[in-house]
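Inside the fold
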Amino acid sequence: MSDPDSTAGPETDVDLDDLELSDAEQAALHELQLGIEHVYRAYGTLLEFHHELGHAMDRMGDAEDRLREAGHEEWADALRDEHLPAGAISDEWTFELVEEFSGEFLDEVDTFEEEVREELADGVDHVTERRQKRRLRDRAKDR
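The structure presented is a predicted model; accordingly, all values stated were derived computationally and were not measured. (Residues numbered from 1 in each chain as written. Predicted model: local features only at pLDDT ≥ 70, side-chain atom pairs only at ≥ 80, totals over all residues. Heavy atoms only, no water.)

**Some remarks on the overall build of the protein chain**
Along its length, the protein chain carries 4 helices and 2 strands. Over its C-alpha trace the protein chain gives a radius of gyration of 25 Å, far above what one expects of a compact globule, namely 15 Å for 143 residues. Expressed along its principal axes, the backbone C-alpha trace of the protein chain runs to roughly 80 × 35 × 25 Å. In the protein chain, the share of contacts with a sequence separation of at least 24, taken over all contacts with a separation of at least 6, comes to 65%. Total accessible area on the protein chain is roughly 10,000 Å²; 51% of this is exposed by carbon and sulfur atoms. For the protein chain, the distance from the average site of its 15 positive side-chain charges to the average site of its 43 negative ones is 12 Å. (Helix = DSSP H or I, 4+ residues; strand = E, 2+ residues; numbered from the N terminus. Rg over C-alpha atoms; globule rule 2.2 N^0.38 Å. Contact = heavy atoms within 4.5 Å. Areas by Shrake-Rupley, 256 points an atom, 1.4 Å probe, with all protein chains shown as cover. Lys, Arg positive; Asp, Glu negative; His and termini not counted. Charge placed at Lys NZ, Arg CZ, Asp CG, Glu CD.)

Following this line, the structure appears as structure tokens:
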């Protein structure tokens, strides 16, 4: 193998110079990978939403108890019967949204990206960034 800085990384023996990847293919793969990263960020936001709504529901459960203690049975009953068991969206609870998102959409786009990356770049992840790292380190050595 040639210069160790020309390799794709410690997890692979692929030399970046050996990849038969056109500029257009590299750009497309890079955009796809950035898109996947944003999908993961959206998933994190969905998890945060799920947790925040869970905490909100816990507080509303406490409010039900306080309403009863204050003698407001009707409001406490309405909270218990109408609001606490309701779904967040179209009668689905947030855990169901999380499960559906991660079990379908996230898995599918992840698999798609892996297939494209395997075909175009021999499975090497972050080709653009790896090449940029190499260019910047080469430039620093040349000074």
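**Considering the packing of helix α1 (residues 23-69) against helix α4 (residues 127-142)**
Interaxial distance between α1 and α4 falls to 8 Å at its minimum, and their mutual angle equals 110°. On the basis of the axis angle, α1 is roughly perpendicular to α4. Listed contacts from α4 to Gln26, His30 and Gln33 of α1 are Val127, Thr128, Glu129 and Arg131. Residue composition of the contact of α1 with α4, grouped by class: 1 nonpolar, 4 polar and 2 charged. (Axes fitted to C-alpha atoms, helices over the stretch in contact; angles between N-to-C directions. Parallel < 35°, antiparallel > 145°, perpendicular 65-115°, else oblique. Nonpolar A, V, L, I, M, F, W, Y, C, P; charged D, E, K, R; others polar.)

**Let's talk about the layout of surface pockets**
In this structure, the largest pocket occupies an estimated 200 Å³ of space. Lining the largest pocket are His50, Leu53, Gly54, Met57, Met60, Leu84, Ala86, Gly87, Ala88, Trp93, Thr94 and Phe95. Of all the secondary structure elements, the ones that give two or more residues to the lining of the largest pocket are α1 and α3 (94-121). Among the elements that make up the lining of the largest pocket, the one with the highest residue count is α1 (5 residues). Broken down by class, the residue content of the lining of the largest pocket amounts to 8 nonpolar, 4 polar and no charged. (1 Å grid on protein atoms, 1.4 Å probe; cavity = no way out; pocket = protein on both sides within 12 Å on 5 of 7 lines; lining within 4 Å. Points joined across faces, edges and corners; volume = space filled by probe spheres on them.)

**Quick word on unusual backbone geometry**
Within the chain, aspartate 91 stands out as a residue other than glycine whose phi angle is a positive 65°. Within the element layout of this structure, aspartate 91 appears in the loop between α2 (73-83) and α3. Even without being a glycine, histidine 126 presents a positive backbone phi close to 55°. Here histidine 126 lies in the loop between α3 and α4. Among the residues examined, histidine 126 registers a relative accessible area of 26% and is labelled partly exposed. (Buried < 20%, exposed > 50% of the residue type's maximum accessible area, 1.4 Å probe, protein only.)

**So, the packing of aromatic side chains**
For the coordinates displayed, the defined rule picks out 2 aromatic pairs. Relative to phenylalanine 101, the ring of tyrosine 43 lies with its centre 5.8 Å away and its plane at 5°, an arrangement referred to as stacked. One end of the pair, tyrosine 43, is in helix α1; the other, phenylalanine 101, is in helix α3, with 58 residues separating them in the sequence. Clustering of aromatic rings is evident, with ring pairs tying together Tyr43, Phe101 and Phe105. (Phe/Tyr/Trp six-rings, centres within 6.5 Å; stacked < 30°, edge-to-face > 60°.)

**What about the environment of glycine 123?**
Mapped onto the secondary structure, glycine 123 falls in the loop between α3 and α4. Residues glycine 123 and valine 14, 109 residues apart in the sequence, show an inter-C-alpha distance of 9.1 Å. Here glycine 123 is in contact with Arg117 and Glu118, once residues within four sequence places are set aside.

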